[in-house]
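If you want the building blocks of each chain, they are given just below.
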Amino acid sequence: MLNSASEFSRSAGLQAEDLTQKRSFLMIRSLVLLLLVLQLLMLLLLIVSAALGVSVVHKSASQQIVIVTVSLLVTGLAYSLLRRGFYDGACYLLIFSLIARSAASIIAYGSTRSAMVMGFAAAVVLAGMTLGKRALVMTVTLCATTLAALTWAEKSGWLGTPDFSVDPASWMVHTLILSGIAVGVYASRQLIVRAMHEQQAELKRREQAEYALRLSEDRYSRIFRSSPAAIIVQALEDMTVLDVNPAFERLYDYSRDEFIGGTDAVLWDKPETRKALQRKMAEAGRVINLPIETLAKDGRRLSVLLSSEIEGVGPERIVVSTITDATAETQARQAARQSAELFSKAFDFSPINMTITRVADGKFLAVNAAKDRVQGLSAAELIGRTSVEMGAWRDEAARQQFISKLRTQSQVEGLETQMRHKDGSMIDCRMWAVIVEIGGEPCVLSSTINTTEQKRREALLVDMAKGLSAETSEAFFRSVVQNLGKALGADLVMLGEMSGDHSVISLSMLQDGVLQPNISYALSGTPCNIALEQGDLCTYDDGVQQLFPQDQFLADGGYEAYAGAALRDADGTAIGIVNALWRKAQPPSPDRNALMQIFASRTTAELMRLRRDREIQRLNETLEQRVAERTEQLQATNAELESFSYSVSHDLQSPLRSIEGFSVLLARRLKGRLSEEEERLFDRVRVNVVRMHELIHDLLALAQVSKGKLVPEPVDLSGLAQQVVEQQRLRDPQRQVQISIEPGVSAHCDSKLARIILENLIGNAWKYSRERSDAHIGFGVLADHEDGRKMLFVRDNGAGFNMAYSDNLFKPFHRLHQDEEFEGSGIGLATVHRILERHGGTIRGESIEGAGACFYFSFNPRSPMVA
């Protein structure tokens, strides 16, 4: 913009010069025309005077006619030169012709005192008005020299005798000369006045142009500094940086001071790219939105659009470049291109049939290369046709219903539908679809899979399941071989159970569709032996006789193909086998293998049930004896465990006291010499010793409640609960807990053990509600019985627990909270559970995590409880 303003100023100056030259041209052209008119009048006057015999200027009119005629021709020649653009030549010719004509007229008249002297004055005026100073001096010098020569010649008598007589004709000539001079002076004045007015207008226009230039420069400066696009100004000759704007500094991290005076070479990763740009600029003078890669100061690569243009003329030309950061746009385009490539590859190489149809009319736009297992149509048959036309939908209404569902849910997954195969049959299929936008138009991207065979297998399995579910034992095994034989088309299906002598006893056998008597056969040298050794299904699709020549059963039946699956117990022990045989070779079939495994799994469960029934029957025969023996063993074991637990707990106390004492002693002796880490380790020892004491104490309590003798008596549970609460308040006097204890609650139980129950339950409620500023703990009895029991409860509004883990509540050492949240050993609730079990009672817990917990418990239901 700055350069454009300078161009405007120079253009204004050139226009002013052209205007001045134009005015001079008009003025000299007017003078030439005036001279032509005057000389024509003079020539006419001379001719009339000659005809009348009157002398106008001197005695020889013929000489004057010749002079005027020559002057007229010279003036015409000057006008011709002027018309052809030879301005200076025309002016010089007129000046010299005026001087020559005046000299000739004086010579012809014979005296310098004639009116022709005014010609010299006219020549000087003409030179001053049309030419420069040098031409004016030269004209004055020439006129003065010529007059001096003529004056000397007149004085010497060389000019002849002049005629000083006057008459009206002389007056007329003088008047014409004066009139011509007056007209010329007046025309010159008018030209000068007009030139002054035009010059004033031009001056005003220049002032306006300069003002516009200043405004333009100010606007340019503002735009340059505030432009969000980076701008760099360089000298064209050597590409020196003249200026950069703040946006350039922000984009490239270069400051203006450190970049001005250098070149832009540091911005280019490849010098050849910069040279190519310079060549293009030299050829075209500009580039628009050229995408290039540049480097920031910190080495970052920036994708930009470069627009450069050469401004100015001459050696001071500059290059103004605008740089737009297109890094984000480039990355977005690359990401979009990569996404499109990924989509294209996923679409084209997907093994599942995929299509793209237009939402508006259902026309197929694209079909991938996967085989169409639903309609059996090729891409060429589908593209350009509509989905309704090709049988994908029953009619347009069905398609519109699908589109409406798709728009509502944004996508459809696993839609069960039917499509028409090109042979006319209806095919069950499952469809996945989503709406995508392609070229600004909504389209449906869909994929389909053929589920006809899957549904056939499912129906077959359902039929078989129905047939098997109603049978057990021998009837079940007969049903297995019948259904399996039908499903596989096998010539023989047999289900057998392992025997102790490495042989198999058949439980059911079907041959050629007929049930056969059970048999027993040795496993050695048979494919069944291989099937039992393998962990997976064993199959021989052809040549099984050649592989097992010792198996006479195969040879007698003429069987060529075999499939067998071992039936295994929970520990992996083989307990039976199910196998199928064919007299013809069979192709590999995943469906056949899957059916064999399904039947094997179901048969395994039934065979295990049968074996358990046998075991139960055998055990029932000695049940009473074994129960008595087991009860005695359990009692002895429990006594030993309780004694062991009590003994171990006591025996652990002594080493713990030693550890605690020695750690305290070491800490005192080493005080001031331990690092922070060592002091932290000593603290951890002491903390864990305290925790171990608590665990031993809880173990002793658990052992005591299990082995002590119950002393049932009426117990005031409300009063006992109040005592436990007071103990908690003494331990934690800062706590503000709202307590509600239902009065008059009592039970027939062991008072010491009842106190332990309340201490644990109320203590837990106190502990787990400590994070609540409005903690509340309640104790009371439910109004309704549960299974004939009157239920007591302890309720709080504390942290609660996750009911998914409620089965672990009453197991020793099982905690539902981390030690960092709430301390504890996990023995308390196990102790409560053990006490209530000894009373013949029960306990359960209910909770909403974060909203508190409630424990419902009851003593022996036969004990009278009064509320």
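Residues numbered from 1 in each chain as written. Predicted model: local features only at pLDDT ≥ 70, side-chain atom pairs only at ≥ 80, totals over all residues. Heavy atoms only, no water.

1. Side note on the sheet that holds strand β3 (residues 286-295)
So, point 1. In spatial order, the strands read β2-β1-β5-β4-β3; together these five strands make up an open sheet with antiparallel pairing. Looking at the sheet topology across the chains shown, the edges are occupied by β2 (241-244) and β3. Sheet twist, expressed as the average angle between the axes of neighbouring strands with direction ignored, equals 25 degrees.
So, point 2. As defined by bridge partners, β3 adjoins strand β4 (residues 301-311) across eight bridges and the pair is classed as antiparallel. Within β4, the residue paired with Ile292 across the bridge is Val304. (Pairing = 2+ DSSP bridges. Helix = DSSP H or I, 4+ residues; strand = E, 2+ residues; numbered from the N terminus. Axes fitted to C-alpha atoms, helices over the stretch in contact; angles between N-to-C directions.)

2. Here we look at the sheet that holds strand β10 (residues 441-450)
As a general point, the strands of a sheet are linked pairwise by backbone hydrogen bonds and lie either parallel or antiparallel.
So, point 1. Here five strands make up an open sheet; going across it, the order is β7-β6-β10-β9-β8 and the pairing antiparallel. Looking at which strands have only one partner, the edges of the open sheet turn out to be β7 (364-367) and β8 (411-420). Each strand axis lies, on average, 30 degrees off the axis of its neighbour in the sheet, ignoring direction.
So, point 2. For strand β6 (residues 353-358) and β7, the ladder comprises three bridges, and the chain directions are antiparallel. Within the sheet, the bridge partner assigned to Thr355 lies in β7 and is Val367.
So, point 3. Sheet strands in contact with helix α10 (residues 327-349) are β6, β7 and β10, and its direction is about 120 degrees off that of β6.
So, point 4. Against the sheet, helix α12 (residues 396-409) contacts β6, β8, β9 (426-438) and β10, and its axis sits at roughly 170 degrees relative to β8. (Contact = heavy atoms within 4.5 Å.)

3. Examining the packing of helix α4 (residues 117-130) against helix α5 (residues 133-156)
So, point 1. In the contact formed by α4 and α5, the axes pass within 8 Å of each other and the chain directions differ by 170 degrees. One finds that α4 runs roughly antiparallel with respect to α5. Within the contact between the two elements, α4 uses Val117, Phe120, Ala123, Val124, Ala127 and Gly128 and α5 uses Ala135, Leu136, Thr139, Val140, Cys143, Thr146, Leu147 and Leu150.
So, point 2. Here the residues of the contact of α4 with α5 sort into 11 nonpolar, three polar and no charged. (Parallel < 35°, antiparallel > 145°, perpendicular 65-115°, else oblique. Nonpolar A, V, L, I, M, F, W, Y, C, P; charged D, E, K, R; others polar.)

4. Some thoughts on α5
So, point 1. Under the 1.5 Å per step criterion, the end-to-end length of α5 is 34 Å for 24 residues, consistent within 8% with the ideal 34 Å.
So, point 2. For α5, the set of buried residues is Ala135, Thr139, Cys143, Thr146, Leu150, Ala153 and Glu154.
So, point 3. Two residues or fewer past α5, Gly157 is found with a positive phi of approximately 85 degrees. (Expected span 1.5 Å × (residues − 1). Buried < 20%, exposed > 50% of the residue type's maximum accessible area, 1.4 Å probe, protein only.)

5. Things to note about α4
For an α-helix, 3.6 residues make a turn, and residues three or four places apart therefore share a direction.
So, point 1. With 14 residues, α4 extends 21 Å between its outermost C-alpha atoms, agreeing within 8% with the 20 Å of an ideal straight helix rising 1.5 Å per residue.
So, point 2. Within α4, burial applies to Gly119, Phe120, Ala123, Leu126, Ala127 and Thr130. When α4 is viewed along its axis, its buried side chains cluster within an angular range of 125 degrees and face the same direction. (Arc of directions from axis to C-beta.)

6. What to know about empty space enclosed by the protein
So, point 1. Applying the stated criterion across every chain, the model contains one cavity of 30 Å³ or more.
So, point 2. Quantified by volume, the largest cavity comes out at close to 220 Å³.
So, point 3. Mapped by element, the contributors of at least two residues to the lining of the largest cavity are β6, α12 and β10.
So, point 4. Of the residues forming the lining of the largest cavity, the biggest block, four residues, is contributed by β10.
So, point 5. Tallied by class, the residues present in the lining of the largest cavity amount to 10 nonpolar, eight polar and two charged. (1 Å grid on protein atoms, 1.4 Å probe; cavity = no way out; pocket = protein on both sides within 12 Å on 5 of 7 lines; lining within 4 Å. Points joined across faces, edges and corners; volume = space filled by probe spheres on them.)

7. Things to note about the pairing of strand β24 (residues 853-858)
So, point 1. Counting buried positions along β24 gives six out of six residues, so the element sits mostly inside the fold.
So, point 2. The two faces of β24 match: Ala853, Phe855 and Phe857 on one face and Cys854, Tyr856 and Ser858 on the other face are all buried.
So, point 3. Judged from the five bridges that link them, strand β22 (residues 789-796) and β24 form a sheet pairing that is antiparallel. By the bridge assignment for β24, Leu792 is matched with Phe857.
So, point 4. Bridging between strand β23 (residues 842-847) and β24 involves six bridges; their strand directions are antiparallel. Bridging across to β24, Ser847 finds its partner in Ala853.
So, point 5. Where β23 folds back onto β24 in an antiparallel hairpin, the turn is made up of five residues, including Gly850, whose phi is positive at roughly 90 degrees.

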